[in-house]
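This is what each chain is made of:
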Amino acid sequence: MKLTIDDVRSRFIKHFDGSTGSVYASPGRINLIGEHTDYNNGFVFPGAVEQGMIAEIKPNGTRMVDAYSIDLKDRTQFSLDDEKGPSASWARYIYGVCREMMALGVPVQGFNTAFAGDVPLGAGMSSSAALESTYAFALNDMFGENKIEKMELARVGQRTEHKYIGCNCGIMDQAISVLGKKGNLLRLDCRSGEYAYFPWEPKGYQLVLVNSCVKHELAGSPYNERRLQCEHVAEIIKKYHPEVESLRDANYEMLEEVKAEVTEDEYKRARYVIGEVVRVLNVCEALEAGDYEKVGQMMYETHYGLSKEYEVSCEELDFLNDIAREEGVTGSRIMGGGFGGCTINLIADELVPNFKQKVVEKFEAKYGKKPIVIDVVIGDGSRKLL
Ligand code: GLA
């Protein structure tokens, strides 16, 4: 069910002193293509979704943050000046954002807050980035005179993941959450931070997510290990090609040259990334030419790479990909970090109803539980609602 401002406001009033504050929202995301390219300084091509986080916030005149998670029915307090922060992981996101905003010179004051979200958790749709962006955007507006530019707000969220959560993620999720624009995808160069919006109005096609409901959490998963493997290969290539700072600058020939110096796993990871960096640019071109079949073909290539070379798939996601092929879906692949979560599917309009039915039937027949089908609507980035 779609989350509304009233859902949050009614709880804020109930749990605090009966008065109201300001209300902010930030979205989760889809990503058309460009997976695990962000921390390799490559390109990504995400879009914000309509689902996200909504938070009501009111300064309380102290140095304490009093936070209530409506979804978890959990409440916690922490001091802005505490060096360690709270232990509940949901509260650490808020704490991390406060601390990083303070480090940027924003005079953050204590506040009461309640928040809720309708991004499915662990589905690879970046519920945590939505949470970080909501508070980074809000604190900038409430205490920082909006002096911090949007990409820096995204970096606040990313640093929160790195320093307070333990996930060494790239910048994609936070960037699109802050910068998203209704009806547009964003092509982001993760090295320079430059970006461009691409209107997403596919004639005759739709995007549909299928959530395997295999939950994943990136902190504690092999996500960080993948990143290290990529960085190691880039370092070895750099010995022979000093211009190579990251895998974004490498090509297949360079990788072949160092094959004996890296592990077999590292070789496979780098092969995937080098291919994916090019695929994002090819997809942008194909989109401009209106060639959705080509876009779809590259989505299948990405899935293959994520499954066989990057090895971040799981049996259920591979099965969803097989069903997509069987049902004539134009393009399908794992979306997000992997290890569970959703596939993203590009489908010709006339095949959508049949696909939705078949994917649920076939998945349920095999795993005894229904996957969740979600229509993608590209929405706006961080904003103030009230
Ligand atoms: C997660 C991370 C992102 C990105 C994707 C994979 O969503 O948070 O930075 O690396 O995985 O593309």
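About the criteria used
Residues numbered from 1 in each chain as written. Predicted model: local features only at pLDDT ≥ 70, side-chain atom pairs only at ≥ 80, totals over all residues. Heavy atoms only, no water. Pairing = 2+ DSSP bridges. Helix = DSSP H or I, 4+ residues; strand = E, 2+ residues; numbered from the N terminus. Phe/Tyr/Trp six-rings, centres within 6.5 Å; stacked < 30°, edge-to-face > 60°. Buried < 20%, exposed > 50% of the residue type's maximum accessible area, 1.4 Å probe, protein only. Lys NZ or Arg CZ within 6 Å of the ring centre and 35° of its normal. Axes fitted to C-alpha atoms, helices over the stretch in contact; angles between N-to-C directions. Parallel < 35°, antiparallel > 145°, perpendicular 65-115°, else oblique. Left-handed = near helix turned anticlockwise from the far one by under 90°. Contact = heavy atoms within 4.5 Å. Nonpolar A, V, L, I, M, F, W, Y, C, P; charged D, E, K, R; others polar. Salt bridge = Lys/Arg side-chain N within 4 Å of Asp/Glu carboxyl O.

Chemist: Lay out the sheet that holds strand S8 (residues 195–199) in plain terms, naming residues and giving numbers.
Modeler: A sheet is described by the order of its strands in space; here three strands give the open sequence S2-S7-S8, paired in antiparallel fashion. Two strands in the sheet have a free side with no partner beyond their single neighbour: strand S2 (43–44) and S8. Relative to strand S7 (residues 184–189), S2 runs antiparallel, the two being bridged by two bridges. In the strand pairing of S7, phenylalanine 43 is matched with aspartate 189.

Chemist: Please give an account of the packing of aromatic side chains that cites residues and values.
Modeler: Tallying each qualifying case throughout the model produces 16 aromatic pairs. Relative to tyrosine 310, the ring of tyrosine 272 has its centre 5.0 Å away and its plane inclined at 45°; by these criteria the two rings are tilted. One end of the pair, tyrosine 272, is in helix H8 (residues 264–288); the other, tyrosine 310, is in the loop between helix H9 (292–309) and helix H10 (315–326), with 38 residues separating them in the sequence. The same class applies to tyrosine 272 and to tyrosine 310, which are both buried. With centroids separated by 6.5 Å and ring planes inclined at 40°, the aromatic side chains of phenylalanine 319 and phenylalanine 363 adopt a geometry described as tilted. Residue phenylalanine 319 is located in helix H10, and its partner phenylalanine 363 is located in helix H11 (residues 352–367); the two are separated by 44 residues in the primary sequence. Here the aromatic cluster, defined as three or more aromatic residues joined through ring pairs, consists of Trp90, Phe111, Phe115 and Tyr135. Seen from the ring of tyrosine 197, lysine 181 lies directly overhead, with NZ or CZ sitting 4.4 Å from the centre. Cation over ring: arginine 325 sits above tyrosine 300, and NZ or CZ is 4.1 Å from the ring centre.

Chemist: Before we move on, can you summarise the packing of H10 against H11 with the specific residues and values?
Modeler: Orientation of H10 relative to H11, taken along the N-to-C sense of each, is 140°, at an axis distance of 10 Å. Relative to H11, the element H10 is oriented oblique. Of the two elements, H10 crosses H11, and the hand of that crossing is right-handed. Judged by residue contacts, Glu315, Glu316, Phe319, Leu320, Ile323, Ala324 and Glu326 of H10 engage Phe355, Val359, Lys362, Phe363, Lys366 and Tyr367 from H11. The residue makeup of the contact of H10 with H11, split by class, is eight nonpolar, no polar and five charged.

Chemist: Before we move on, can you summarise the pattern of salt bridges with the specific residues and values?
Modeler: This structure, assessed with the given rule, holds 28 salt bridges. The partner of glutamate 35 in a salt bridge is arginine 333, and the shortest N-O contact between them spans 2.7 Å. Of this pair, glutamate 35 sits in the loop between strand S1 (22–31) and S2 while arginine 333 sits in strand S10 (residues 331–334); the two residues are 298 residues apart in sequence, bridging distant segments of the chain. The same class applies to glutamate 35 as to arginine 333, namely buried. A salt bridge links glutamate 152 to arginine 159, with the nearest nitrogen and oxygen atoms 3.2 Å apart. Residues joined by salt bridges that share partners form a network here, namely Glu100, Glu152, Arg155, Arg159 and Lys163.

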